[in-house]
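Each chain, written out:
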Amino acid sequence: LHCIVYTILFWGGSNVGVLNLYDFGIMYDVFPGTLAFLNIFGIVFCLFLTLKGLYFPSTDDNGSSGSFLKDYLWGTELYPRIMGLDLKRFIN
């Protein structure tokens, strides 16, 4: 239900809808930059989590395979935490 409400509000607020608050083509205009930012952020964040898991693990549920590439791809911690925030619950 919330998907339908969000879609109607998004469409209604655009220049196609009744409110005319913004250009509906904004998604098309900002998509390449958004895609690039999210990809770069994802790579840097995974690199951060790999280094954190190798050198500053949160729990005893961690380990290394000996290969940095394998650790990067498979992960080093089962439940990574940053300042008490469980990242698996926050991100997923």
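Calculation notes
- Residues numbered from 1 in each chain as written.
- Predicted model: local features only at pLDDT ≥ 70, side-chain atom pairs only at ≥ 80, totals over all residues.
- Heavy atoms only, no water.
- Helix = DSSP H or I, 4+ residues; strand = E, 2+ residues; numbered from the N terminus.
- Buried < 20%, exposed > 50% of the residue type's maximum accessible area, 1.4 Å probe, protein only.
- Polar contact = N/O pair within 3.5 Å; in protein donor to acceptor, adjacent residues only side chain to side chain.
- Contact = heavy atoms within 4.5 Å.
- Patch = residues over 30% accessible without salt bridge, like charges linked within 9 Å, V, L, I, M, F, W, Y side chains within 5 Å.
- Areas by Shrake-Rupley, 256 points an atom, 1.4 Å probe, with all protein chains shown as cover.
- Salt bridge = Lys/Arg side-chain N within 4 Å of Asp/Glu carboxyl O.

## As for the side chain of Lys52
So, step 1. As for its position among the elements, Lys52 is in helix α2 (residues 26-55).
So, step 2. Lys52 gets classed as buried once you look at its relative accessible area, which sits at 10%.
So, step 3. At 2.6 Å, the side chain of Lys52 forms a polar contact with the side chain of Ser58.
So, step 4. Excluding residues that lie within four positions of it along the chain, Lys52 makes contacts with Pro57, Ser58, Glu77, Arg81 and Ile82.

## Structural notes on a nonpolar patch on the surface
So, step 1. Among the surface-exposed residues, Leu47, Leu51, Tyr55, Phe56 and Phe68 lie close enough to one another that they form a single nonpolar patch of about 550 Å² accessible area.
So, step 2. A per-element tally of the nonpolar patch places α2 first, with 3 residues.
So, step 3. Summarising the element assignment, Tyr55 is placed in helix α2.
So, step 4. A relative accessible area of 60% places Tyr55 in the exposed class.

## Considerations on the side chain of Glu77
So, step 1. Examined against the element boundaries, Glu77 turns out to sit in the loop between α3 (68-74) and β1 (81-82).
So, step 2. Separated by 3.0 Å, the side chains of Glu77 and Lys52 make a polar contact.
So, step 3. Here Ser58 takes part through its backbone nitrogen, which lies 2.5 Å from a polar atom of the side chain of Glu77.
So, step 4. Apart from the residues lying within four places of it in its own chain, the contact partners of Glu77 are Lys52, Gly53, Pro57, Ser58, Thr59, Asp61 and Asn62.

## Section: the pattern of salt bridges
So, step 1. Applying the stated criterion to the full structure yields 2 salt bridges.
So, step 2. The partner of Lys52 in a salt bridge is Glu77, and the shortest N-O contact between them spans 3.0 Å. With Lys52 in helix α2 and Glu77 in the loop between α3 and β1, the pair connects residues that are 25 residues apart, well separated along the chain. Accessibility assignment for this pair places Lys52 and Glu77 in one class, buried.
So, step 3. Residue Arg89 pairs with Asp86 through a salt bridge whose shortest N-O separation is 3.7 Å.
So, step 4. According to the relative accessible area criterion, Asp86 is buried, its value standing at 13%.

## Thoughts on unusual backbone geometry
So, step 1. Phi is positive for Asn20, close to 55°, though the residue is something other than glycine.
So, step 2. Along the chain, Asn20 turns up in the loop between α1 (2-13) and α2.
So, step 3. By relative accessible area, which is 51% here, Asn20 ends up exposed.
So, step 4. Within the chain, Met83 stands out as a residue other than glycine whose phi angle is a positive 50°.
So, step 5. Residue placement: Met83 occurs in the loop between β1 and β2 (85-86).

Read these as geometric descriptors, not functional statements.
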